[in-house]
Amino acid sequence: MEHIGDADVASTAALLAEPARAKVLMALADGRALPASLLATEAGVAPQTISSHLRKLLDGGLLDVEQSGRHRYYRLAGPEVAAAVEAVARISKPQPVKSLRQSTRAAALREARTCYDHLAGRLGVELLEALVRRTALIRTDGGSGAERRPDDPLAKQLPDCPYALGPAAPEVFDALGIDLTDSTSPRRLLRCCVDWSEQKHHLAGRLGAAVTNSLLDRDWLERRAYPRAVTLTPTGEQRLTELLPLS
């Protein structure tokens, strides 16, 4: 009988500790699959060097790879890897900005980004607060808006979500093109994370993913040149202002 020891945290931490590999994981944290050439550019290393880093991440169970013709596309091994990357980001000090490009990118990610498959950053927090104000969601713990509770852990997705569907949920989410009765996915409907840049909650889970996908499908939200960064389109800003006045 094989005995299972403690989790090998040190090996995983070593994979995250290398700057180029950390940049690869951050670039893939929106759930997309990207080729090695783009990941090399993102990590700031040569194409020959990125192959070694990708192999280590694959061997460590943090990445999956899929073949499409002659090309190989890499993605995170699952949402739990994205949650771990965001968790480390939440407890990490910001890097000093040394160029205008870095400054612009950092600002874009703080403004609005995808956290695996759901919306994060200032926009993600504002969206959750607007859903609470509109009573599409309600706090179940006596808290206010998207405020983080004093005992909320900063290093992982919250094990208990202090939100529930509110009286306006059917109307609001129907207007967003979301079917709340769809139970085909075993994933929990409501989850939330502590946003690393805002230190408040943003919506995760099946509902968070559905909202983000709907905004992208309707062209209310669009991806920016920086990996993970997104922005509201003029149409999206107008329609969300009509439906959910953002702060």
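As the structure is a computational prediction, the values presented were derived from the model and not from experiment. (Residues numbered from 1 in each chain as written. Predicted model: local features only at pLDDT ≥ 70, side-chain atom pairs only at ≥ 80, totals over all residues. Heavy atoms only, no water.)

Undergrad: Quick question: what am I supposed to make of the pattern of salt bridges here?
TA: Where charged atoms from two side chains of opposite charge approach closely, those side chains can pair. Enumeration according to the criterion identifies 15 salt bridges in this entry. With a closest N to O distance of 3.5 Å, Arg55 and Asp59 form a salt bridge. With a gap of 4 residues between them, Arg55 and Asp59 both fall in helix α4 (residues 47-59), about one helical turn apart. By relative accessible area, Arg55 is classed as partly exposed at 42%. Between Asp141 and Arg149 there is a salt bridge, with the nearest N and O atoms lying 3.7 Å from each other. Owing to a relative accessible area of 33%, Asp141 belongs among the partly exposed residues under this scheme. Accessibility expressed as a relative area gives 15% for Arg149, which makes it buried. (Salt bridge = Lys/Arg side-chain N within 4 Å of Asp/Glu carboxyl O. Helix = DSSP H or I, 4+ residues; strand = E, 2+ residues; numbered from the N terminus. Buried < 20%, exposed > 50% of the residue type's maximum accessible area, 1.4 Å probe, protein only.)

Undergrad: Is there a simple way to think about unusual backbone geometry in this case?
TA: Comment: phi is negative for the bulk of residues other than glycine, and the bulk of peptide bonds are trans. The phi angle at Tyr116 is positive, at roughly 65°, despite the residue not being glycine. Inspection of the secondary structure assignment puts Tyr116 in the loop between β4 (113-115) and β5 (118-120). The phi torsion at Asp219 lies on the positive side, around 60°, for a residue other than glycine. With respect to the element layout, Asp219 can be found in the loop between α9 (205-217) and β10 (221-223).

Undergrad: Could you clarify how one ought to interpret the packing of helix α3 (residues 36-43) against α4 in this entry?
TA: Packed helices, taken two at a time, are described by the angle their axes make and the gap between the axes. Closest axis-to-axis distance for the α3/α4 pair is 9 Å, and the angle between their directions is 100°. Taken together, the axis directions place α3 and α4 in an arrangement best described as roughly perpendicular. Contact with α3, carried on its side by Ala36, Leu39, Ala40 and Ala43, involves Pro47, Ile50 and Leu54 of α4 and no other residues of that element. Partitioning the contact of α3 with α4 into residue classes produces 7 nonpolar, no polar and no charged. (Axes fitted to C-alpha atoms, helices over the stretch in contact; angles between N-to-C directions. Parallel < 35°, antiparallel > 145°, perpendicular 65-115°, else oblique. Contact = heavy atoms within 4.5 Å. Nonpolar A, V, L, I, M, F, W, Y, C, P; charged D, E, K, R; others polar.)

Undergrad: Help me out: how do you make sense of the nonpolar core in this one?
TA: Nonpolar side chains in soluble globular proteins generally cluster together in the buried interior. Residues Leu131, Leu137, Phe173 and Leu176 are the most contacted members of the largest nonpolar core, which totals 36 residues. Counting residues per element, the ones that place at least two in this core are α7 (121-133), α8 (169-175), β8 (191-194), α9, β11 (230-232) and α10 (234-243). Among the elements that make up this core, the one with the highest residue count is α7 (7 residues). When residues no more than four places from it in sequence are discounted, the contact partners of Leu137 are Leu128, Leu131, Val132, Ala164, Leu165, Gly166, Phe173, Leu190, Leu203 and Leu207. One finds Ala29, Leu39, Ala40 and Leu58 within the second-largest nonpolar core, a separate group that totals 23 residues. (Core = buried A, V, L, I, M, F, W, Y, C linked by side-chain atoms within 4.5 Å.)

Undergrad: What should I look at first to understand the packing of aromatic side chains in this one?
TA: The description of two aromatic rings rests on the distance between their centres and on the angle between their planes. Applying the stated criterion across every chain, the model contains 0 aromatic pairs. Above the face of the Trp220 ring, Arg218 is positioned so that its terminal group lies 5.1 Å from the ring centre. (Phe/Tyr/Trp six-rings, centres within 6.5 Å; stacked < 30°, edge-to-face > 60°. Lys NZ or Arg CZ within 6 Å of the ring centre and 35° of its normal.)

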